[in-house]
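Now for the letters of each chain:
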Amino acid sequence: MRSLILLACLMSSAAAEPPVRALIFSGRNNHDWRTTTPYLKKLLLDSGRFDVRVEEEPAGASARTLAAYDVLVLDYNGPRWGETTEQAVETFVRSGKGLVAVHGASYAFGTMELLGDRHRRTGLFEKPWPAYSRMVGGHWSAEEPKSGHGQRHVFPVKFVDRQHPIVAGLGETLLASDELYHNMRMEPDVHVLATAYDAPERGGTGRDEPLLWTVRFGEGRVFQTALGHDVAAMTEPAFALPFVRGAEWAATGTVTRPAKAPAGPRLLVVTGGHEYETSFYSLFTGYSWTHAVSNEAAFKKDIRPDYDVLVLYDLEQDLSENARKNLREFVEGGRGLVVLHHAIADYTAWPWWYREVVGGKYLLKAEEGLPASTYKHDQELIVRPVAQHPVVAGIGEFHLVDETYKGMWISPAVQVLLKTDHPTSDGPVAWISPYTKSRVVFIQLGHDHAAHQHPTYRALVANAITWAARTPQ
Ligand SMILES: [Zn+2]
Ligand SMILES: [Zn+2]
């Protein structure tokens with residue numbers, strides 16, 4: 001059985017596009033590589049197209065090091081790497097692999113006299129590497145007119161070849177907040193994709209300066225972006241979209257990533273009726289989310305147009321007729337629902353809600369021959385996945401301190417995803433409800449910061465939101 005599951009996994013991943021393997025050279029830069037390199041890695045990973053590794057000591061990397069990769073990304077501006085590594089990089093690109101140079105990488109190796117004695121004294125930049133300038137297609141120069149940049153500011157980047165796969169579909173312009181490099185020395189065969197007007201009142205040249213380009217080096221494809229001074233610059237669309245698409249193009253010659261950053265799900269998060277720690281809010285960092293502090297406030301109007309997923313962390317019994325209608329229409333309309341922790345005690349006298357939609361309830365009092373449910377704080381739990389499901393993808397057995405519930409009514413039709421053997425718990429601590437009109441996940445865990453800040457709990461909630469946001473089949 002186990003080998004069958006493994007085989008099924010192998011077959012499904014073989015059918016999907018294999019990831020592009022990217023290696024980032026970093027570890028030396030007059031820019032803040034300790035923050036920019038992880039951000040570049042995140043941009044590539046978030047696109048879903050790349051497998052990414054980072055090399056912080058490129059000197060010594062060999063042809064064998066590079067052999068596993070499709071594209072090399074340079075977030076590097078530091079000393080020479082030595083003959084073995086430099087030859088390996090040249091051969092890598094010349095043989096048909098990809099290269100992406102980011103911002104300061106355009107003046108690595110030999111043009112640092114521009115930055116004056118402070119850098120020269122380090123002895124890092126004593127010998128230029130001429131092939132590097134040809135390879136990256138454009139580089140800084142200390143000769144007049146000197147390369148440099150005016151004041152950092154916000155400016156539009158104009159796409160001048162809108163047919164090229166890297167920038168096709170991005171529109172006429174995107175904004176950057178960056179240094180606008182000028183007077184760079186361009187190789188004759190460079191293909192410029194984007195420029196920006198370098199305003200004299202900002203210390204610029206008064207000309208359109210090339211900022212994004214491609215160049216062929218042997219059989220290899222090279223993409224350079226002169227943008228990307230720091231993480232704030234890298235979050236701008238003029239950097240982020242062309243960078244990811246440029247890396248894919250350099251590696252494969254084609255671009256499959258969308259021309260718009262995919263919009264994440266819009267969340268409505270409802271609290272009220274039960275206290276909680278504000279560490280709860282940190283679960284939604286990076287999401288577009290709205291906080292309703294009561295159920296009446298949440299459902300006072302039709303919420304279908306504005307939200308994709310409803311996250312409940314409230315504890316309420318009463319809901320006005322109008323609000324009840326809006327809640328029901330949202331759920332019946334195929335939107336996602338994630339019920340967290342004490343929200344399992346919502347609307348315990350509304351059978352449609354707890355039987356059909358949520359698939360369970362916490363009994364606030366004894367009823368229908370069942371005793372009241374019980375809770376216990378600060379229990380040390382070992383929780384294990386008991387199903388294969390996207391909500392528990394990447395979740396292994398984990399350990400946390402959290403509150404347990406016991407004596408809940410649980411529909412026999414739920415699909416249990418996580419269980420604990422703790423004696424103060426019912427056992428199931430996460431399930432998928434049998435409701436078919438929308439995707440509903442319940443996670444019993446999540447009383448306080450010990451859960452909210454637990455990496456596995458956070459991954460679980462993120463998975464639940466992602467899965468619930470999808471339209472039901
Ligand atoms: Zn810079
Ligand atoms: Zn609690």
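Note: the structure precedes this text.
Report follows, based on the coordinates. (Residues numbered from 1 in each chain as written. Chains lettered and ligands numbered in written order. Predicted model: local features only at pLDDT ≥ 70, side-chain atom pairs only at ≥ 80, totals over all residues. Heavy atoms only, no water.)

**Regarding the overall build of the chain**
On a plain count of helices and strands, the chain comes out with 13 helices and 24 strands. A principal-axis box enclosing the C-alpha atoms of the chain has dimensions of 90 × 50 × 40 Å. Expressed as a percentage of its 473 residues, the buried residues of the chain come to 52%. For the chain, long-range pairs separated by at least 24 residues make up 68% of all intrachain contacts whose partners lie at least 6 apart in sequence. Total accessible area computed for the chain in this model is approximately 21000 Å², and 53% of it derives from carbon and sulfur atoms. Distance between charge centres in the chain, computed from 48 positive and 55 negative side chains, equals 4 Å. (Helix = DSSP H or I, 4+ residues; strand = E, 2+ residues; numbered from the N terminus. Buried < 20%, exposed > 50% of the residue type's maximum accessible area, 1.4 Å probe, protein only. Contact = heavy atoms within 4.5 Å. Areas by Shrake-Rupley, 256 points an atom, 1.4 Å probe, with all protein chains shown as cover. Lys, Arg positive; Asp, Glu negative; His and termini not counted. Charge placed at Lys NZ, Arg CZ, Asp CG, Glu CD.)

**Observations concerning helix H2 (residues 33-46)**
An α-helical segment advances 3.6 residues per turn. Residues three or four places apart therefore align on the same side. Compared with the 20 Å implied by 1.5 Å per residue over 14 residues, the 19 Å span of H2 between its first and last C-alpha is a close match. Check the buried side of H2 and you find it contacts strand S1 (20-25), strand S2 (50-55), strand S3 (71-74), strand S4 (98-102), helix H7 (231-234) and helix H8 (237-252). (Expected span 1.5 Å × (residues − 1).)

**Some words on the packing of helix H10 (residues 321-332) against helix H11 (residues 351-358)**
Between H10 and H11, the shortest axis-to-axis distance is 13 Å and the interhelical angle comes to 15°. As far as their axial angle goes, H11 and H10 are roughly parallel. Of the two elements, H10 crosses H11, and the hand of that crossing is left-handed. Contact residues: H10 offers Leu327, Arg328, Val331 and Glu332, while H11 offers Trp352, Trp353 and Val357. Here the contact of H10 with H11 is built from residues that sort into five nonpolar, no polar and two charged. (Axes fitted to C-alpha atoms, helices over the stretch in contact; angles between N-to-C directions. Parallel < 35°, antiparallel > 145°, perpendicular 65-115°, else oblique. Left-handed = near helix turned anticlockwise from the far one by under 90°. Nonpolar A, V, L, I, M, F, W, Y, C, P; charged D, E, K, R; others polar.)

**Quick word on the coordination of the zinc ion (ligand 1)**
Ideal geometry at a metal gives 109.5 degrees between four tetrahedral donors and either 90 or 180 degrees between six octahedral ones. For the zinc ion (ligand 1), the full set of protein donor atoms is His31 (NE2), His103 (NE2), Glu179 (OE) and His229 (ND1), at a range of 2.0 to 2.2 Å. One can describe the donor arrangement at the zinc ion (ligand 1) as irregular, given that its four donor atoms subtend angles of 87 to 165° at the metal. The sequence motif formed by the donor residues of the zinc ion (ligand 1) is H-x71-H-x75-E-x49-H. In this pair, histidine 103 sits in the loop between S4 and helix H5 (117-120) while glutamate 179 sits in the loop between strand S8 (173-178) and strand S9 (181-182), placing the two residues 76 residues apart along the sequence. On the accessibility criterion, glutamate 179 (9% relative accessible area) is buried. (Donors = N, O, S within 2.8 Å, 3.2 Å for Na, K, Ca; no water. Tetrahedral: all angles 85-135°; square planar, octahedral: opposite > 155°, others 65-115°.)

**Notes on the coordination of the zinc ion (ligand 2)**
Around the zinc ion (ligand 2), the protein contributes the donor atoms His341 (NE2), Glu403 (OE) and His447 (ND1), at 1.9 to 2.1 Å from the metal centre. Each donor residue of the zinc ion (ligand 2) lies on the same chain, and together they follow the pattern H-x61-E-x43-H. Of this pair, histidine 341 sits in the loop between strand S17 (336-340) and H11 while histidine 447 sits in the loop between strand S24 (440-443) and helix H12 (449-452), placing them 106 residues apart in sequence. Among the residues examined, histidine 341 registers a relative accessible area of 0% and is labelled buried. The buried category is assigned to histidine 447, whose relative accessible area is 19%.

**Here we look at the pattern of salt bridges**
Here the structure, examined in full by the defined rule, presents 17 salt bridges. A salt bridge links aspartate 230 to arginine 152; the nearest nitrogen and oxygen atoms lie 2.7 Å apart. Taken together, the positions of aspartate 230 in the loop between strand S13 (220-225) and H7 and arginine 152 in the loop between strand S6 (148-149) and strand S7 (153-159) put the pair 78 residues apart, joining distant regions of the chain. Judged by its relative accessible area of 22%, aspartate 230 falls in the partly exposed class. With a relative accessible area of 31%, arginine 152 lands in the partly exposed category. Through salt bridges with shared partners, a single ionic network connects Asp302, Arg304, Lys325 and Glu329. (Salt bridge = Lys/Arg side-chain N within 4 Å of Asp/Glu carboxyl O.)

**Describing the sheet that holds S4**
Here nine strands make up an open sheet; going across it, the order is S2-S1-S3-S4-S13-S12-S11-S7-S8 and the pairing mixed. Each edge of the open sheet is held by one strand with a lone partner, namely S2 and S8. Across this sheet, the average inter-strand angle for adjacent strands is 20°, counted without regard to direction. Where strand S11 (residues 191-197) meets strand S12 (residues 208-217), six bridges bridge the pair, whose relative direction is antiparallel. Of the residues in S12, the one forming a bridge with alanine 196 is glutamate 209. This element, H2, spans S1, S2, S3 and S4 of the sheet and lies at about 165° to S2. (Pairing = 2+ DSSP bridges.)

**Observations concerning the sheet that holds strand S23 (residues 428-432)**
Taken in spatial order, the nine strands make up an open sheet running S15-S14-S16-S17-S24-S23-S22-S19-S20, and their pairing is mixed. Edge positions in the open sheet fall to strand S15 (288-292) and strand S20 (398-406), since each of these has one partner strand only. The mean angle between the axes of side-by-side strands here comes to 25°, regardless of whether they run parallel or antiparallel. Bridge count between strand S14 (residues 266-272) and S15: five bridges; the pairing is parallel. Across the sheet, residue leucine 267 finds its bridge partner in S15, namely tryptophan 289. Each of strand S16 (309-314), S17, S23 and S24 is contacted by H11, which is oriented at about 105° to S17, the strand it contacts most.

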